[in-house]
Amino acid sequence: MSAWRSIVVGVDGSPSSRKALAWAAAEAADHGADLVVLNVWEHTLLPPAGSVSVSEHYVPDTSQRTAEDLVQVIKEELGDDPPVRVTPAVKQGRPAKVLIEESAGADLLVVGNRGHGGFAGLVMGSVSQHVAAYASCPVTVVR
């Protein structure tokens, strides 16, 4: 077995991404690699001005909420004392694009086959398809 330094796993909280997290943690433990647990969120637009009174003071910090949610998912899936070093990371952008960029520094990229969006009947979602096609490292799609 070759020595790996880093495995990146994309986690959006969906059941498939939770399975991917557990699988990636076991693989990281087998290879002595660190595990980067990455959540990518897309910026959503506020309602147009004049339609709803929204003060910037009351707009939640999406990245902070997402980071807290990600840490909770990691604890739920891996426990309080994971078998490997885990680094949670939250980035803003298009999920497929960010995961592909992160693959450049990884030995393996792991994603679930389906996320929260899209059509439930498809075997693979658009993010997992793009990542499998364009990542700079090997990719495992966990079902």
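Residues numbered from 1 in each chain as written. Predicted model: local features only at pLDDT ≥ 70, side-chain atom pairs only at ≥ 80, totals over all residues. Heavy atoms only, no water.

**Examining the pairing of strand 5 (residues 139–142)**
Residues Thr140 and Val142 of strand 5 are buried on one face, while the alternating residues Val139 and Val141, pointing to the opposite face, are not. Pairing of strand 4 (residues 108–112) with strand 5, which is carried by 4 bridges, proceeds in the parallel orientation. Residue pairing across strands places Gly112 opposite Val142, the latter belonging to strand 5. (Buried < 20%, exposed > 50% of the residue type's maximum accessible area, 1.4 Å probe, protein only. Helix = DSSP H or I, 4+ residues; strand = E, 2+ residues; numbered from the N terminus. Pairing = 2+ DSSP bridges.)

**Quick word on the side chain of Ser128**
Along the chain, Ser128 falls in helix 4 (residues 126–134). In terms of polar contacts, Ser128 uses its side chain to reach the backbone carbonyl oxygen of Gly125, at 3.1 Å. The residues contacting Ser128, other than those within four sequence positions of it, are Val111, Gly112, Asn113 and Val141. (Polar contact = N/O pair within 3.5 Å; in protein donor to acceptor, adjacent residues only side chain to side chain. Contact = heavy atoms within 4.5 Å.)

**Some remarks on the pairing of strand 2 (residues 34–41)**
Where burial is concerned, most of strand 2 is hidden: 7 out of the 8 residues are buried. When strand 1 (residues 6–10) meets strand 2, the two strands line up parallel, connected through 5 bridges. In the sheet register, Val9 faces strand 2, and the bridge partner there is Val37. Of the strand pairs in this sheet, strand 2 and strand 3 (residues 86–92) are connected by 7 bridges, and their pairing is parallel. Each bridged residue has a counterpart across the sheet, and for Val36 the counterpart in strand 3 is Thr87.

**Observations concerning the nonpolar core**
Of all hydrophobic cores here, the largest spans 20 residues; its most connected members are Ile7, Val9, Val11, Leu21, Leu35, Val37 and Val110. Elements that contribute at least two residues to this core include exactly strand 1, helix 1 (15–31), strand 2, helix 2 (62–78) and strand 4. Sorting elements by how many residues they give to this core places helix 1 first, with 5 residues. Excluding residues that lie within four positions of it along the chain, Ile7 makes contacts with Ala24, Glu27, Ala28, Ala33, Asp34, Leu35, Val36, Leu108 and Val110. (Core = buried A, V, L, I, M, F, W, Y, C linked by side-chain atoms within 4.5 Å.)

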